[in-house]
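Here is how the chains run, residue by residue.
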Amino acid sequence: MDSVGSAFQPLFALSLLGFILGTAAVSISRYRRQQPPLGNVGGSLVLGASVRGWYYDNLRPFEELCVRWGIRPATLSYTQLAASLLVAACYAAGWLFTGGWLLLFTGTLDIIDGRVARRTHTGSARGAFLDSVIDRYADAFAYLGLAAYFRTSWVLWAVLLASLGGVMTSYTRARAEGLGAQCRVGFLQRPERYVILGFGTIFGALWDRITAPWLPGQRSGLVMLTIVVLAVAVNVTALQRVVHVWRALGAHDDV
C-alpha cells in the first residue's frame, strides 16, 4: 500500500499535466484554423508559428496587466534573472520538477519584457543590451545547476556540451549580425531549448517518482536522455548557423 500510495501523487500530477498539454494541443489546432497565416511570428521545426502565435495571444492579459500597473521591462528582465538563479538552485538540489516549471517561467518573462517594451514604447538600445546579457546568464544558470546535480555522472559532459552549444548558437547570430549578415536559421533556438529542457525535467522528475517503488536506484533516466538530445541538437543548430553565415559572407565577398 505504501508503494502504491507513494506513486499515486506523481501519477495524478502526470495525468493532470498530460490533460493540460492535450487541451493546449486542441486549442492550438483551433487557433491554427481560425487565424490567418502569421507572417510576423517566427517559427521552427520544434515550435511552429502557430504554436508561438497561440502562446503570445494567451500572454496578452499578462502584458496588459504589466502595462496597467506600470511594470517596466527592465523590472521583468531582473525578475527573469532572479528566477534563473532559483532554477540553478533547484536543479542543483535535485528539485527537477520545480526547476523545470521555473525554467518555463523565465522563458515566459523573456517574451513578456520585450512585448511590454514595444507596447509602452520604452524600448532602448541599453534595454535591448541588458535583455541579451540576462538571457545569456539565464541560459548558463540552468546548466550550472544541472552540472552540480550530475557532477559525479558522465551526464556532466552532456550538460557542458549543451551549454557550449547554447553559447555558440547565440554567438554565431550576434557575430553574423555584427558583420551585416542575417542569421535566423536553426531548428533549436532559445525558446525551443527552454521548452525541451523544462518539460524534459518536469516529466523526468514525475517518471522517477512513479517508478521509484518498482525501480529503486534509478535516477533521472528521462532527464539524462533529454540532456543528451539537447546537447546534440543545439550543437547541430550552431553548425547550421556557421554554415549559413559562411555562405552568406562568401556571397557578400564575391560582390
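Refer to the structure presented above.
Residues numbered from 1 in each chain as written. Predicted model: local features only at pLDDT ≥ 70, side-chain atom pairs only at ≥ 80, totals over all residues. Heavy atoms only, no water.

Engineer: Residues and numbers for the pattern of salt bridges, please.
Structural biologist: For the structure on display, the rule yields seven salt bridges. With a shortest N-O distance of 3.7 Å, Arg119 and Glu63 are connected by a salt bridge. With Arg119 in helix α4 (residues 96–120) and Glu63 in helix α2 (residues 49–69), this residue pair connects regions lying 56 residues apart in the sequence. The partly exposed category is assigned to Arg119, whose relative accessible area is 40%. With its nearest N and O atoms 3.0 Å apart, the salt bridge here joins Asp139 to Arg193. (Salt bridge = Lys/Arg side-chain N within 4 Å of Asp/Glu carboxyl O. Helix = DSSP H or I, 4+ residues; strand = E, 2+ residues; numbered from the N terminus. Buried < 20%, exposed > 50% of the residue type's maximum accessible area, 1.4 Å probe, protein only.)

Engineer: How would you summarise empty space enclosed by the protein if you had to cite specific residues and measurements?
Structural biologist: A complete count under the given rule lists one cavity of 30 Å³ or more for this structure. By volume, the largest cavity is sized at about 70 Å³. Around the largest cavity, the lining residues are Leu103, Ala138, Asp139, Ala142, Tyr143, Arg190, Arg193, Tyr194 and Leu197. When residues of the lining of the largest cavity are traced back to their parent elements, those giving at least two are α5 (125–149) and α7 (190–211). (1 Å grid on protein atoms, 1.4 Å probe; cavity = no way out; pocket = protein on both sides within 12 Å on 5 of 7 lines; lining within 4 Å. Points joined across faces, edges and corners; volume = space filled by probe spheres on them.)

Engineer: Residues and numbers for unusual backbone geometry, please.
Structural biologist: Only a minority of non-glycine residues have a phi that is not negative, and only a minority of peptide bonds are not trans. Its identity as a non-glycine residue notwithstanding, His121 has a phi of 55°, on the positive side. Structurally, the position occupied by His121 is in the loop between α4 and α5. With relative accessibility at 73%, the residue His121 sits in the exposed group.

Engineer: Go over the layout of surface pockets, please, and point to the residues and values.
Structural biologist: Taken as a whole, the second largest pocket encloses approximately 290 Å³ of empty space. Leu59, Phe62, Phe105, Thr108 and Ile112 are the residues nearest the centre of the second largest pocket, which is lined by 15 residues in total. Looking at the lining of the second largest pocket, the elements with two or more residues in it are α2, α3 (73–93) and α4. Sorting elements by how many residues they give to the lining of the second largest pocket places α2 first, with seven residues. The class makeup of the residues in the lining of the second largest pocket is eleven nonpolar, four polar and no charged. (Nonpolar A, V, L, I, M, F, W, Y, C, P; charged D, E, K, R; others polar.)

Engineer: An account of a nonpolar patch on the surface is needed here, citing residue identities and associated values.
Structural biologist: A surface patch of nonpolar side chains, about 450 Å² in accessible area, is lined by Leu161, Leu164, Val167, Met168 and Tyr171. Relative to the helices and strands, Leu164 is located in helix α6 (residues 155–178). By relative accessible area, which is 46% here, Leu164 ends up partly exposed. (Patch = residues over 30% accessible without salt bridge, like charges linked within 9 Å, V, L, I, M, F, W, Y side chains within 5 Å. Areas by Shrake-Rupley, 256 points an atom, 1.4 Å probe, with all protein chains shown as cover.)

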